[in-house]
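Residues per chain are reported as follows:
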Amino acid sequence: MPVYLVMLAAVVAAGIPLCSRKCGKAGRIIFCIAAALMFTFVSAVRFKVGYDYNLYGGLYFNMKYLEWVDIPSLGQEKGFLIPFYILNLANEEYYHAFIFTSILFYPAIFFFIYKYSKHPWLSAAAFLCFGIFFNSLCFLRQFLAAIVMLYAMKFAEGKNPLRFFALVFIASAFHWSALIWLAMYFLVKIKPGWIYLGIVTAGTTVFCLISRKLMFWFIDNFEMYSLYNPDTNIEASQGLSPWFSVMFAVIFIVSFIFRKRLADKNPANMIYLNCLMYTVVFEVMGTRHAILSRFALLVYLPPILYMPPDLVDSVREYIEEKLNGDKKLKPVRTVITALAAMFSAACYILLIQNNYNGVNPYISQFYKTEEIFVEYTDKPAVTTTLQCPALISHS
């Protein structure tokens with residue numbers, strides 16, 4: 001836990017002054033570079049942190065036993081496997097897999113934060129507090145696909161979807177679930193409102209009531225999800241904790257209330273608001289079947305990274321308008337700011353304490369006490385079939 005708390009403290013303590021108007025563009029650049037380096041380092045040197053650590057480490061380790069002709073026979077997406085194979089030709093140690101993916105992930109994330117977020121430190125804090133960083137330590141293929149879709153969002157606003165759909169197919173080369181954006185593209189472009197919210201809520205309710213057969217279809221047709229079988233994994237059939245749904249639902253409710261102000265600040269916020277709504281939808285579905293919450297990762301990067309600065313400004317402006325210079329009511333702004341900070345910090349601490357995705361305790365390569373893979377001369381050390389445990393893996 002101390003490492004994660006230090007990361008949040010560093011983001012806030014360094015981000016507030018560096019991202020202020022006084023420091024200007026140079027301060028934001030310095031902050032984003034420093035934050036990207038910090039996140040990359042913490043991720044790259046981790047040891048057995050994240051429930052999928054051994055799975056991806058083992059997959060990379062086993063590449064030394066494979067030839068090019070073996071790649072098509074593996075079940076994972078080839079856009080992910082081929083770079084792994086090429087990298088393994090030069091560096092066979094399993095931990096290079098995490099160095100490689102960390103270098104891909106966090107510089108890209110903070111480049112987008114710098115380019116599209118008005119207050120980068122707020123976006124970085126949200127990245128931590130709402131569990132996205134922890135997901136990036138676990139779901140490597142899907143997170144890489146999510147980053148591609150984060151870039152694709154710049155093309156979602158336009159009327160020509162060809163570039164967007166091209167990026168969807170590129171993202172699907174890293175994780176097939178990115179293909180949901182072939183339909184999500186049209187859904188997130190609908191103007192947010194009470195009618196649309198009611199339809200989505202009703203549809204989600206019906207789906208949760210009748211979706212058991214869909215879960216079995218996934219289990220039967222995708223070997224990588226076989227551990228989600230409720231016959232052998234009771235908790236998979238029970239679904240995930242509703243806490244994750246509540247966490248995102250609170251953010252959505254506040255954003256929905258201030259949607260007109262958000263739209264005035266940036267029309268793209270309406271797309272991000274719909275992304276947040278479907279994040280809640282997938283998390284609610286995950287309370288029924290754990291596997292379904294995995295789709296949330298494909299839609300929640302844009303609203304969590306881009307929208308918080310505008311949301312904070314919208315709430316602040318609303319309060320100032322209501323105060324109308326009345327000094328007696330100024331403590332109200334302080335109280336609301338404190339509540340928002342407490343909510344975010346509480347989400348972060350609860351995720352850590354509940355060992356979200358197996359990220360706690362944090363152990364680095366410098367303090368590892370064992371070697372997790374053993375070299376064999378005649379066969380791979382671990383299976384190359386990548387599976388995601390139902391209970392412990394979460395989007």
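Residues numbered from 1 in each chain as written. Predicted model: local features only at pLDDT ≥ 70, side-chain atom pairs only at ≥ 80, totals over all residues. Heavy atoms only, no water.

As for the pattern of salt bridges
Formally: Take a side-chain nitrogen of Lys or Arg and a carboxyl oxygen of Asp or Glu: if they are within 4 Å of each other, that pair is a salt bridge. Numbering goes from the N terminus for both helices and strands, where a helix is a DSSP run of H or I of at least four residues and a strand is a run of E of at least two.
Under the definition given, this model contains six salt bridges. Across the pair Lys118 and Asp310 runs a salt bridge whose closest N-O atoms are separated by 3.0 Å. Pair noted here: Lys118 is in the loop between helix H5 (96–116) and helix H6 (120–129) and Asp310 is in helix H18 (residues 308–323), with a separation of 192 residues, a long-range link. One salt bridge in this structure joins Arg316 and Asp313, with 3.6 Å as the shortest N-O distance. Of this pair, Arg316 and Asp313 both sit in helix H18, three residues apart, which is roughly one turn of the helix.

Focus: the confidence of the model for the protein chain
It should be kept in mind that the predicted coordinates are not to be read in detail where pLDDT is low. Counted only if it meets this: pLDDT gives the predictor's per-residue confidence on a scale running from 0 to 100. The contact criterion used throughout is that any non-hydrogen atoms of two residues lie within 4.5 Å.
Considering every residue of the protein chain, the mean pLDDT works out to 85; 88% of them sit at 70 or more. Segment residues 381–395: pLDDT under 50, and 71 contacts once partners within four positions in sequence are set aside and those in other chains are kept.

Observations regarding the side chain of Gln142
Put simply, the rule reads: Classification of residues uses two cut-offs on accessible area relative to the type maximum, computed with a 1.4 Å probe and protein chains only: under 20% is buried, over 50% is exposed, and between them is partly exposed. Counting of polar contacts relies on pairs of N or O atoms within 3.5 Å, with two restrictions inside protein: one atom must be capable of donating a hydrogen and the other of accepting it, and residues adjacent in sequence are counted only when both atoms are side-chain atoms.
Residue placement: Gln142 occurs in helix H8 (residues 140–152). By relative accessible area, which is 1% here, Gln142 ends up buried. In terms of polar contacts, Gln142 uses its side chain to reach the backbone carbonyl oxygen of Arg294, at 2.9 Å. Setting aside residues up to four positions removed in sequence, Gln142 forms contacts with His175, Ser177, Arg294, Phe295, Leu297 and Leu298.

Quick notes on unusual backbone geometry
Between Asn360 and Pro361 the backbone carries a cis peptide bond, its omega angle lying at 5°. Tracing the chain through its elements places Pro361 in the segment after helix H19 (330–353). The phi dihedral of Lys48 is positive, around 55°, even though this residue is not glycine. Along the polypeptide, Lys48 turns up in the loop between helix H2 (24–44) and helix H3 (53–62). For Asn357, which is not glycine, the phi dihedral falls at a positive 60°.

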